[in-house]
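# Structure assessment
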Amino acid sequence: MQVCLLSPTCLIPTEEVDPYGVEALQAQILRAGCWTVPITAEKDALFVMDGHHRLAVAHLLQLPLVPVVLLDYTAVRVESWRPDQTITPASIFAMARSGGKFPCKTTRHIFDQSLPNCNLPLESLHVLAPTERAVARA
C-alpha cells in the first residue's frame, strides 16, 4: 500500500464535515506539527473515501500537498453509519458525479488492510510544487 502526495484540490469530497471536528483536528495537527494519517480516495475518480475532515483541514492550512492512499472497492467495504440508509459504492460514485454531499458521518469505509501512518512534517508538504507527485512505500 502506497502513500502518494496529491494536491487537495484534486480530491472530491462526498460528505459534509462537522465544523467543530475540523477545528479540533486542525489544532491537533498544528500541535503535532505533522500529518500522521493519510486521506483515502478512490483511485480513478479521486473522491474521498475516508478523511473528509482531514481534507477540510488541508484546505484551511492551504497545504499544496496531502498524503493520500488510493484504493478501489475491491479492497474496501462500505456501509452506512446511519441505520436508516443503505450506502453502496454506486451511490457514492453517483454523489461524487452530482457534486452533492452526504450528511456528516454517513459513509463508513472498512479497509481490508491497515492503512499506513505517514508522519510527515507540515513543512515537507509545502516543499514540492503542487504539480509534482511523490510516492513513498508504506
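Here we take up unusual backbone geometry. Backbone geometry places L46, a non-glycine residue, at a positive phi of 60 degrees. With a phi close to 55 degrees, K105 is a non-glycine residue in the positive phi region.

Moving on: the pattern of salt bridges. A side chain with one charge may pair with a side chain of the opposite charge, provided their charged atoms come close. This structure, assessed with the given rule, holds three salt bridges. In this structure, the salt-bridge partner of R54 is D50, at a minimum N-O distance of 2.9 Å. Judged by its relative accessible area of 13%, R54 is buried. A salt bridge links E79 to R108, with the nearest nitrogen and oxygen atoms 2.8 Å apart. Of the two residues, E79 is situated in strand β6 (residues 76-80) and R108 in strand β7 (residues 107-111); the sequence distance between them amounts to 29 residues. Given the relative accessible area of 32%, E79 is considered partly exposed. Exposure remark for R108: the relative accessible area of 31% places this residue in the partly exposed category.

Here we take up the packing of aromatic side chains. Counting across every chain of the model gives three aromatic pairs. Aromatic rings pair up to connect F47, Y73 and F93 into one cluster. In this structure, R108 packs its charged tip against the face of W81, placed 4.8 Å from the ring centre.

It is worth spelling out the packing of helix α1 (residues 19-32) against helix α2 (residues 52-60) at this point. Direction vectors running N to C along α1 and α2 enclose 65 degrees, while the axes themselves pass 9 Å from each other. Between α1 and α2, the interaxial angle falls into the category roughly perpendicular. The interaxial crossing formed by α1 with α2 has right-handed handedness. Across the interface between the two elements, G21, V22, L25, Q26 and I29 from α1 touch H53, R54, A56, V57 and L60 from α2. When the residues that make up the contact of α1 with α2 are grouped by side-chain class, the tally is six nonpolar, three polar and one charged.

Rules used throughout
Residues numbered from 1 in each chain as written. Predicted model: local features only at pLDDT ≥ 70, side-chain atom pairs only at ≥ 80, totals over all residues. Heavy atoms only, no water. Salt bridge = Lys/Arg side-chain N within 4 Å of Asp/Glu carboxyl O. Buried < 20%, exposed > 50% of the residue type's maximum accessible area, 1.4 Å probe, protein only. Helix = DSSP H or I, 4+ residues; strand = E, 2+ residues; numbered from the N terminus. Phe/Tyr/Trp six-rings, centres within 6.5 Å; stacked < 30°, edge-to-face > 60°. Lys NZ or Arg CZ within 6 Å of the ring centre and 35° of its normal. Axes fitted to C-alpha atoms, helices over the stretch in contact; angles between N-to-C directions. Parallel < 35°, antiparallel > 145°, perpendicular 65-115°, else oblique. Left-handed = near helix turned anticlockwise from the far one by under 90°. Contact = heavy atoms within 4.5 Å. Nonpolar A, V, L, I, M, F, W, Y, C, P; charged D, E, K, R; others polar.

The values are spatial; any link to function lies outside them.
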